[in-house]
Amino acid sequence: MFEKRKYFTTIFFLITSIVFLTLIPCYNQEYDPIIIAAPLLMIWTNDTFAYLVGKNFGKHKLLERISPKKTIEGFIGGMFFTLITGYIISIFHTTLSTTVWLIMSIIMSIFGTLGDLIQSKFKRQAGVKDSGSIMPGHGGIFDRLDSIIFASPFLYVFLQILQYVS
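My aim in this report is to walk through the structure given alongside it, one point at a time. Think of each chain on its own: its residues are numbered from 1, step by step along the sequence as written. Residues qualify for local features only when their pLDDT is at least 70, as the model is predicted, and side-chain atom pairs are given and counted only at 80 or more; totals for whole chains, interfaces and linings, by contrast, use all residues. Values shown for side chains rest on all heavy atoms present in the structure; no hydrogens or waters enter the calculation.

1. A closer look at the overall build of the chain
Short version of the rule: Counting from the N terminus, the helices are DSSP H or I runs at least four residues long and the strands are E runs at least two residues long. Burial status follows relative accessibility: with a 1.4 Å probe on protein chains alone, a residue under 20% of its type maximum counts as buried, one over 50% as exposed, and anything between as partly exposed. Contacts: residue pairs with any heavy atoms within 4.5 Å of one another. All accessibility values rest on the Shrake-Rupley procedure with a 1.4 Å probe; residue burial counts only the protein chains present in the view.
The helix and strand inventory of the chain stands at five helices and two strands. Ordered by position from N to C terminus, the α and β elements of the chain give α-α-β-β-α-α-α. With 166 residues in all, the chain has 38% of them scored as buried. Look at the contacts in the chain between residues 6 or more apart in sequence, and 65% of them connect residues 24 or more apart. Within the structure as shown, the chain displays about 10,100 Å² of accessible surface, and the carbon and sulfur contribution to it stands at 70%.

2. Notes on the side chain of S152
Using the following cut-off: Counting of polar contacts relies on pairs of N or O atoms within 3.5 Å, with two restrictions inside protein: one atom must be capable of donating a hydrogen and the other of accepting it, and residues adjacent in sequence are counted only when both atoms are side-chain atoms.
Locating S152 in the fold gives a position in helix α5 (residues 141-165). A polar contact of 2.9 Å, which involves the side chain of S152, links it to the backbone oxygen of S17. In this structure, S152 is in contact with S17, F20, L21 and I24, ignoring residues within four places of it in sequence.

3. Re the pairing of strand β2 (residues 67-71)
To be explicit about the condition: Any two strands are treated as partners once DSSP identifies two or more bridges connecting them.
Two elements, strand β1 (residues 61-63) and β2, share two bridges in a ladder whose sense is antiparallel. Within the sheet, the bridge partner assigned to K61 lies in β2 and is T71. With antiparallel pairing between neighbouring strands as the criterion, β1 and β2 make up a hairpin whose turn holds three residues.

4. Focus: unusual backbone geometry
Unusually for a residue other than glycine, Q29 sits at a positive phi of about 70°. On the secondary structure map, Q29 appears in the loop between α1 (2-23) and α2 (34-57).

5. Description of the packing of α2 against helix α3 (residues 72-92)
Keep this limit in mind: Under this scheme, a helix contributes an axis fitted over its contacting stretch, all axes are lines through C-alpha atoms, and angles between N-to-C directions fall in the 0 to 180 degree range. Handedness of a crossing follows from how the near helix is turned relative to the far one, being left-handed for an anticlockwise turn of less than a right angle and right-handed for a clockwise one. Residues are grouped as follows: Ala, Val, Leu, Ile, Met, Phe, Trp, Tyr, Cys and Pro are nonpolar; Asp, Glu, Lys and Arg are charged; every other residue, Gly included, is polar.
One can describe the packing of α2 onto α3 by two numbers: an axis separation of 7 Å at closest approach and a directional angle of 145°. Crossing handedness for the pair α2 and α3: right-handed. Mapping the contact onto sequence places A38, L41, M42, T45, N46, F49, A50, V53, G54 and F57 in α2 and E73, G74, G77, G78, M79, F81, T82, T85, G86 and I89 in α3. The residue makeup of the contact of α2 with α3, split by class, is ten nonpolar, nine polar and one charged.

6. A few points about the packing of aromatic side chains
A ring pair, where both rings are aromatic, is described by two values, the distance of the centres and the angle of the planes. This is how the line gets drawn: Only the six-membered ring of Trp is used, alongside the rings of Phe and Tyr, when aromatic pairs are assigned; centres must lie within 6.5 Å, and planes under 30 degrees apart are stacked while those over 60 apart are edge-to-face, with the rest tilted.
One pass over the full model with this rule turns up five aromatic pairs. Their ring planes at 15° and their centres at 4.1 Å tell us that F49 and F81 sit as a pair that is stacked. With F49 in helix α2 and F81 in helix α3, the pair connects residues that are 32 residues apart, well separated along the chain. When its relative accessible area of 28% is taken as the criterion, F49 is described as partly exposed. Every member of this aromatic cluster is reached through a ring pair, and the members are F49, F80 and F81.

Honestly, it's all geometry; don't read function into it.
Structure follows, in structure tokens:
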């Protein structure tokens, strides 16, 4: 019974997150592809610079039991470069204000990192290192998408709140 519940919870989590991901570019009833491309760029920037900063400057572990290589310095470095990415995007795409793009950067950085940590926890519980073998050395396709899948509902809710408040 417990195994079935875990299976259904996982499927529900994946399906609802992907549904939110598909709703993001239409948050204001008009299709805007940059609204989905930008968060993907933010997530990849966060992951890349969290890795680079953490590897080169990381001394303090973020959550060692779950993901022993993640560091606080890496998290801060990833967020810093994600904020820079959000600012650069705001220069070229003026539909949203710079403040909104920076808030989106923070959302993607925080919830993207949480998504990555949750994925690491699931893998530890399952006793696997990688979630697939299609991309050797990268942990599989799900490892490349776990951050955006987890962060997408939070980004969508933020955009909806923004839509109703403005």
